[in-house]
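# Observations on the model geometry
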Amino acid sequence: MILNKSSFNFFSRKFTAVFFYCRNLTAKFLNIIFSHFFTYTCPLCKQNTIHSTELLCEECISELDFIAAPYCKSCGGSNDTIFEFCSQCLKEEKQTWDKAFSIFNMKNLSRDLIIKYKYYGDIALVKPLTKYCFQKIRESGIEFDIITYVPLHWIKYVKRGYNQSLLVSNFLSKETSIPCKKLLKRTKFTKSQTKLSNVQRRKNLKTVFKTVNIPAIKNQRILLVDDVYTTGSTLRACAKTLRKSGAKEISILTLARR
Ligand SMILES: [Zn+2]
Ligand SMILES: [Zn+2]
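What you see is a predicted model, and the numbers here were worked out from it, not measured in a lab. (Residues numbered from 1 in each chain as written. Chains lettered and ligands numbered in written order. Predicted model: local features only at pLDDT ≥ 70, side-chain atom pairs only at ≥ 80, totals over all residues.)

## Focus: the overall build of the protein chain
Our working rule: Here a strand is any run of E in DSSP of at least two residues, a helix any run of H or I of at least four, and the numbering for each starts at the N terminus. For the radius of gyration, the atom set is restricted to C-alpha positions; the globular benchmark scales as 2.2 Å times the number of residues to the power 0.38. Think of it this way: build a C-beta for each residue from its backbone, and any pair within 7 Å is a contact.
In terms of regular secondary structure, the protein chain is built from ten helices and eight strands. In summary, the protein chain has a C-alpha radius of gyration of 25 Å against a globular reference of 18 Å for 258 residues, an excess of more than 25%. Seen along its three principal axes, the alpha-carbon backbone of the protein chain occupies a region of about 95 × 45 × 40 Å. Here the contacts in the protein chain between residues at least 6 apart in sequence split such that 70% fall between residues at least 24 apart.

Rendered as structure tokens:
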């Protein structure tokens, strides 16, 4: 059989069509296999199945309570006043940082998400939490040179087994390629601040934080990560300490505003 140019083109077209058909078929087949084997349970509700590329199920995502604009300039939470600050911040001491951002209202499923992550050792939740932090950073255009976190006293660290703010900071560091450094140290063990009055909190935290690695702080723009913003006393004490060591700009990022 002699192959002329037109019969060669005919075979070439046929071959290309068969090749693409097989390729699509293989992709579909692999997709079915992958979605069958590489699915797992939603880390938040522990009921719905999600694919390996998703971090939470759709049902959970729809129930999360995100902080919406307008934002309070002091805490990054929703602003319920006509002023720059929300009604809670108006009652508090002045902020010691430059910018503030927060992701969730500490309500409903968002509250469960934070509680499970912080107190119940559900550290798989760090991934969705970091994703929302990263989204917030991109949307707001915050710029910083170093990521740091509110430290735990070593007794609390040993008891809990992890520092929830450090985990988020490390994941954020991978996501943003900006280094995460330990810049603060807790020098005293303080009991939970939640039930204390503002004056007691301030008194308690006055000399609790100390900076470490001062050369890394000088003239740097720092992103300070914490889990929940309640009155801001801890963050105020941390930011004040960083400022004293020469930080140029401090932005705070909290997972939730109570
Ligand atoms: Zn879920
Ligand atoms: Zn506020």
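## Points about unusual backbone geometry
Omega for the peptide link from alanine 69 to proline 70 comes to 0 degrees, which places this bond in the cis form. Relative to the helices and strands, proline 70 is located in the loop between helix H2 (58–63) and helix H3 (87–90). At asparagine 219, a position not held by glycine, the phi torsion is positive, near 60 degrees. Relative to the helices and strands, asparagine 219 resides in the loop between helix H9 (214–217) and strand S7 (221–229).

## What about the sheet that holds strand S8 (residues 249–257)?
Counted only if it meets this: Two strands are said to pair when DSSP picks up at least two bridges between them. Only the stretch in contact is used when a helix axis is fitted, and all axes are lines through C-alpha atoms; the angle between N-to-C directions ranges over 0 to 180 degrees.
Taken in spatial order, the four strands make up an open sheet running S3-S8-S7-S4, and their pairing is parallel. Where the open sheet ends on each side, the last strands, each with one partner, are strand S3 (99–105) and strand S4 (146–149). In this sheet, neighbouring strand axes are inclined to one another by 20 degrees on average, regardless of whether the strands run parallel or antiparallel. Here four bridges tie S4 to S7, and the two strands are oriented parallel to one another.

## So, helix H10 (residues 233–244)
Operational definition: Here the expected length of a helix is defined as 1.5 Å per residue gap, with one fewer gap than residues. Working definition of burial: number of other C-beta atoms within 10 Å of the residue's own, with buried at 20 or more, exposed at 12 or fewer, and partly exposed in between, all C-beta atoms being placed from the backbone.
In this model H10 runs 17 Å from its N-terminal to its C-terminal C-alpha over twelve residues, within 8% of the 16 Å that 1.5 Å per residue would give. Most of H10 sits out of view: nine of its twelve residues are buried. One or two residues past the end of H10 sits glycine 246, with phi positive at roughly 100 degrees.

## Here we look at helix H5 (residues 126–140)
Look at H5: 21 Å from first C-alpha to last across 15 residues, which is about the 21 Å you get at 1.5 Å a residue. Every buried residue of H5 is listed here: Pro128, Leu129, Thr130, Cys133 and Ile137. In the core, the buried residues of H5 are packed alongside S3, helix H4 (108–119), helix H7 (164–176) and S8.

## Some words on the packing of H5 against H7
For clarity, the threshold we go by: Here the angle decides the label: under 35 degrees means roughly parallel, over 145 means roughly antiparallel, 65 to 115 means roughly perpendicular, and every other value means oblique. Crossing handedness follows the turn of the near helix against the far one: under a right angle anticlockwise gives a left-handed crossing, and clockwise gives a right-handed one. Classification convention: Asp, Glu, Lys, Arg as charged; Ala, Val, Leu, Ile, Met, Phe, Trp, Tyr, Cys, Pro as nonpolar; all other residues, Gly among them, as polar.
One can describe the packing of H5 onto H7 by two numbers: an axis separation of 9 Å at closest approach and a directional angle of 55 degrees. It follows that H5 is oblique to H7 by the angle criterion. Where H5 crosses over H7, the handedness of that crossing is right-handed. Where H5 approaches H7, its residues Val126, Leu129, Thr130, Cys133, Phe134 and Ile137 are matched on the opposing element by Leu167, Val168, Phe171, Leu172, Glu175 and Thr176. Residue composition of the contact of H5 with H7, grouped by class: nine nonpolar, two polar and one charged.

## Here's the deal with the nonpolar core
Definition in use: A set of buried residues drawn from Ala, Val, Leu, Ile, Met, Phe, Trp, Tyr and Cys, joined through C-beta atoms within 7 Å, is what defines a nonpolar core.
Counting residues in hydrophobic clusters, the biggest one holds 51 residues, and the most contacted among them are Ile114, Leu224, Cys238, Ala239, Leu242, Ile250 and Ile252. Sorting the residues of this core by element identifies S3, H4, H5, S4, H7, S7, H10 and S8 as the ones contributing at least two each. Here this core takes six residues from S7, the largest share from any one element. Other than its neighbours up to four places away in sequence, isoleucine 114 contacts Phe104, Met106, Asp227, Val228, Leu255 and Ala256.

The quantities given are spatial measurements derived from coordinates; they are silent on function.
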